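A structural walkthrough
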There are 2 protein chains.
Amino acid sequence: MPTQVDQIDGETVGQLSESALLARIFAVLRGSSEALVGPGDDAAVLAVPDGRVVVTTDTLVHGPDFRLAWSSGSDLGFKAATVNLADIAAMGARPTALVVALAVPEDTPVAFVADLAAGLREACDTLSPGCAVEGGDLTVSDTLTIAVTALGVLDGHEPVLRSGAQAGEVVAVCGELGRAARGLRLLFDRFRTDAGDPVPVDRSRLSPEESADLDAQLRPRPPLAHGPLAARSGASAMMDVSDGLVLDARRMADASGVTIDITDVADPDALGGGEDHALLAAFRTGDVPEGFRIIGVVRERGDTAVTVAGHGYDGTGGWDPYRDWDAHRG
Amino acid sequence: MPTQVDQIDGETVGQLSESALLARIFAVLRGSSEALVGPGDDAAVLAVPDGRVVVTTDTLVHGPDFRLAWSSGSDLGFKAATVNLADIAAMGARPTALVVALAVPEDTPVAFVADLAAGLREACDTLSPGCAVEGGDLTVSDTLTIAVTALGVLDGHEPVLRSGAQAGEVVAVCGELGRAARGLRLLFDRFRTDAGDPVPVDRSRLSPEESADLDAQLRPRPPLAHGPLAARSGASAMMDVSDGLVLDARRMADASGVTIDITDVADPDALGGGEDHALLAAFRTGDVPEGFRIIGVVRERGDTAVTVAGHGYDGTGGWDPYRDWDAHRG
C-alpha cells in the first residue's frame, strides 16, 4: 500500500547520509537495469544499437504540480516516470532508461523516498518493460522536486515529429481523453476542507468510474507501446496529449502547417483536459493501426489551426487549477 | 556583463506564457544544435554513432547549492552545465547534449532566465565545443532549481569506470585542486553582512589570485577534453573530483578494491576541497598523458581506502558550508 507523506514515521532524509539514502533507493530499484553501466559511477552507459538516442525531460514540482495530501510517494514516482515515458513513445520510440534528479526537504521520511523509487520502477515495469532507472541525483531543497529525464531507442525507424501531418490524412487517438481532468476536478471539488486545504482521498466516497478518473490523474497509464506501433504503421505526425486535445492538436497543426478538424469528440473534458497522455497521431486513411480511434481529419491550412466539427473552438476548454498556481501546496 | 537577479528590472517569468518564455530561451540557444531533432518536439533525437550513450544528471538548488547575491544567472547556467559535463568526461566520453529542467519562482526576471541560458551555452561552447542544449522543461516553483542531464559519446572507446584501478599503477590529476574551496571560503568570509546575509562580490577587494579562486567556485572550467584523452591513453579508472580529493579517491579505491596513497598533495584545501571537478585517474606508469600530474600510487588494499603520504587521513579535510545546509538562501 503506498503511503502518504504525513502517514509515515521513522527516519527522515536529513538523518541519513546521501550514500545511505542512495543505498535504500538502489535496494528498491536493484535488478532492473539492463544498462552497459548502471547506477553508481559518474554516469551510466546505455546501448542504443541503431546509433540514435531519444531524450526528453519533465519535472513535477510540489505546489504547481501535486499535493502531498492526495499523492503518495509511489503515485508521484509513477506519474513523474509516465509523463516522460509518454514523450518518448510520442516520438515513436521505445523508452529504455530514466535518470532522476530528486530534490527533497530534509524532513522527508526515508520511507517516502523509497516509495517514490518504487513508483518509478512500477511505471517502467508496467508501461515500458525493459526500461529502468539508470542514474540519478539526490539533493536537499525546500521544495520537493522530481526532475526525470527519459531516454529511448527508435529500433531503426524514423522519429515521428509533430510537423508531418498532411491534408487528406486522418487524426487518431490511442488512450483516454478527459479522464485525468475529471480526476483532478474530483480532488479539488471533493477532497478539500472549506478553507481549501487538501485532505486525503476517501475512496469509499467514489463510484468505480470516479475512482478510475482519480487513478488517471494520480497514476496515468497511457498505452505507450502504441507509440512505436504507430511509427511502424506509418504515422506522419505524433505527440502525446499532455495539455489538452485542442491545445496540443493546435501545436501539431501549427508545426505541420495544416488545420486539424476534430469531428468525433464533443465532450469538453475530452477536448480540453490534459494529463491523460494519450497519443495523438496523423495517418493516411487505411494506415490507422489497432488501438487508435479516428477523431478527425487533416485539412489544408485555414483561418485557424484547429476546428471542432468544422467550427472554431474558443478557450482552453479545460480546467486546471494547478496551471495558474495559487501558491498553495498541501 | 552577467547580471545578478536583484539588479534586473523588467518582465518576470509570471508575466509571460511558457511558450513566450521558451522563445526567449531558444533565442539565446539558437544555432548551437547539431541534433537530428533539436528542441521543440516531444523529445530530441541525437546521433550516437557507436551505439552507446553516456548519461548523467546533477542539480543545483537555491539554498544548499548557491546564493543569488553571489552568482549571476550566467554563472549558475555555466556551473550547472559544467558539473554535468565533467561527469561525462570522467567516463572518458565526449559530451554532446544537455537537457535542462528549470524550475523558477514566478517573480524571476525573464532577463535572469535568458542569462542562465547564455551561461549554459557558454559552458558548452567553452568546455565541450559541439555540445548544446537540445531540450528542456520549464516550470514554476518556490525554489529556483536547475536540473541538468548531460549525454555523451564514447567514440569507440570503452567507458572508464571507478572500479578499474590496480595495484602498481599511479594516480594522476588533471585540473585544479582546492581552488573552488578557497573561492567558497572567500564568499562566506568576506561577502556577508555581520548577520550572515550574502552581499554582492566587490572584485576590487580581491587579489588576482583570489579572483581566480572565486571564478573556480562560481564558474569552474575543468579541462574536460582530457577525459577522452585519458581513456585513449589507457586510464584504468577515472572520476571527477566533485566532493574532495580524499573523499573521491576513497570512492575509487573502494570500487576498485585497492588502497590509494596520495603522495604529492599536502595542502588541506587540495586534499579536502571539492567542486573543482578536476579529473582523477589511474594509469600504468608510462601511460600518463600530457596534462595529468602524478599525485599518488595504487597499492594492494590495506586497512584504509586512502592514505596520505602513507598515513591515514581523518576527517573530510574540507570546508563546505552548503553541505550541511543551514536553510539560508540569499
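Parameters at a glance
- Residues numbered from 1 in each chain as written.
- Chains lettered and ligands numbered in written order.
- Predicted model: local features only at pLDDT ≥ 70, side-chain atom pairs only at ≥ 80, totals over all residues.
- Heavy atoms only, no water.
- Salt bridge = Lys/Arg side-chain N within 4 Å of Asp/Glu carboxyl O.
- Helix = DSSP H or I, 4+ residues; strand = E, 2+ residues; numbered from the N terminus.
- Buried < 20%, exposed > 50% of the residue type's maximum accessible area, 1.4 Å probe, protein only.
- Least-squares fit on C-alpha atoms with pLDDT ≥ 70 in both.
- Contact = heavy atoms within 4.5 Å.
- 1 Å grid on protein atoms, 1.4 Å probe; cavity = no way out; pocket = protein on both sides within 12 Å on 5 of 7 lines; lining within 4 Å.
- Points joined across faces, edges and corners; volume = space filled by probe spheres on them.
- Nonpolar A, V, L, I, M, F, W, Y, C, P; charged D, E, K, R; others polar.
- Domains from an automatic or database assignment.
- UniProt positions renumbered as here; feature names shortened; annotations may be inferred.
- Buried area = accessible area lost by both parts, 1.4 Å probe.

Points about the pattern of salt bridges
One pass over the structure, following the stated rule, counts 48 salt bridges over all chains. Across the salt bridge formed by B:R162 and A:D42, the nearest N and O atoms sit 3.3 Å from each other. Here B:R162, found in the loop between strand 5 (145–153) and strand 6 (170–174), pairs with A:D42, found in the loop between helix 1 (18–29) and strand 1 (44–47), and the two come from separate chains. Taken as a pair, B:R162 and A:D42 share a single burial class, namely buried. For A:R94, the salt bridge goes to A:D155, with nearest N and O atoms at 2.8 Å. Remark: A:D155 occurs in the loop between strand 5 (145–153) and strand 6 (170–174) and A:R94 occurs in strand 3 (residues 94–104); sequence separation between them is 61 residues. Taking relative accessible area as the criterion, A:D155 reaches 44% and is therefore assigned partly exposed.

Describing the relation of the copies chain B and chain A
When chain B is fitted to chain A, the residual RMSD is 0.0 Å, and the transformation amounts to a turn of 180 degrees plus an axial shift of 0.0 Å. Expressed as an axis order, the relation between the two copies is that of a two-fold axis. Closest approach to the rotation axis within chain B is made by the C-alpha atom of B:G51, at a distance of 2.2 Å. Looking at the interface residues of chain B, 100% of them are also at the interface in chain A, so both copies use one shared face.

Regarding empty space enclosed by the protein
As enumerated under the stated definition, the model contains three cavities of 30 Å³ or more in all. Taken as a whole, the largest cavity holds about 90 Å³ of empty space. As for the largest cavity, its lining consists of 13 residues, and the residues nearest its centre are B:D65, B:F66, B:S71, B:Q217 and B:L218. Within the residue set of the lining of the largest cavity, elements represented by two or more residues are helix 2 (73–89) and helix 5 (208–218) of chain B. Within the lining of the largest cavity, the residues separate by chemical class into seven nonpolar, two polar and four charged. Two domains each donate at least three residues to the lining of the largest cavity, and these are domain 1 (5–153) and domain 2 (160–330) of chain B. Its volume calculated, the second largest cavity comes out at about 70 Å³. For the second largest cavity, the lining is made up of ten residues, of which A:D65, A:F66, A:S71, A:K79 and A:Q217 are closest to its centre.

Quick notes on the UniProt feature "binding site: Mg(2+) 5" (unreviewed entry) in chain A
Under the UniProt annotation, "binding site: Mg(2+) 5" (unreviewed entry) lies at A:D243. The residue A:D243 is located in the loop between strand 7 (237–241) and helix 7 (245–256) in this model.

Some words on the interface of chain B and chain A
Listed by partner, the interface residues are 53 residues for chain B and 53 residues for chain A. Both sides together, the interface formed by chain B and chain A hides about 4,000 Å², and carbon and sulfur atoms give 59% of it. In terms of surface lost to chain A, no three residues of chain B exceed B:D42, B:V55 and B:W325, which account for 16% of the buried area on that side. Here chain B is connected to chain A by six salt bridges.

Here's the deal with unusual backbone geometry
All names here are of chain A. The backbone phi angle of E275 is positive, close to 75 degrees, even though this residue is not glycine. The residue E275 is located in the loop between helix 8 (268–272) and strand 9 (278–283) in this model. Phi is positive for A309, which is not a glycine, with a value near 50 degrees. Mapped onto the elements of the fold, A309 is located in the loop between strand 11 (306–308) and strand 12 (311–312).

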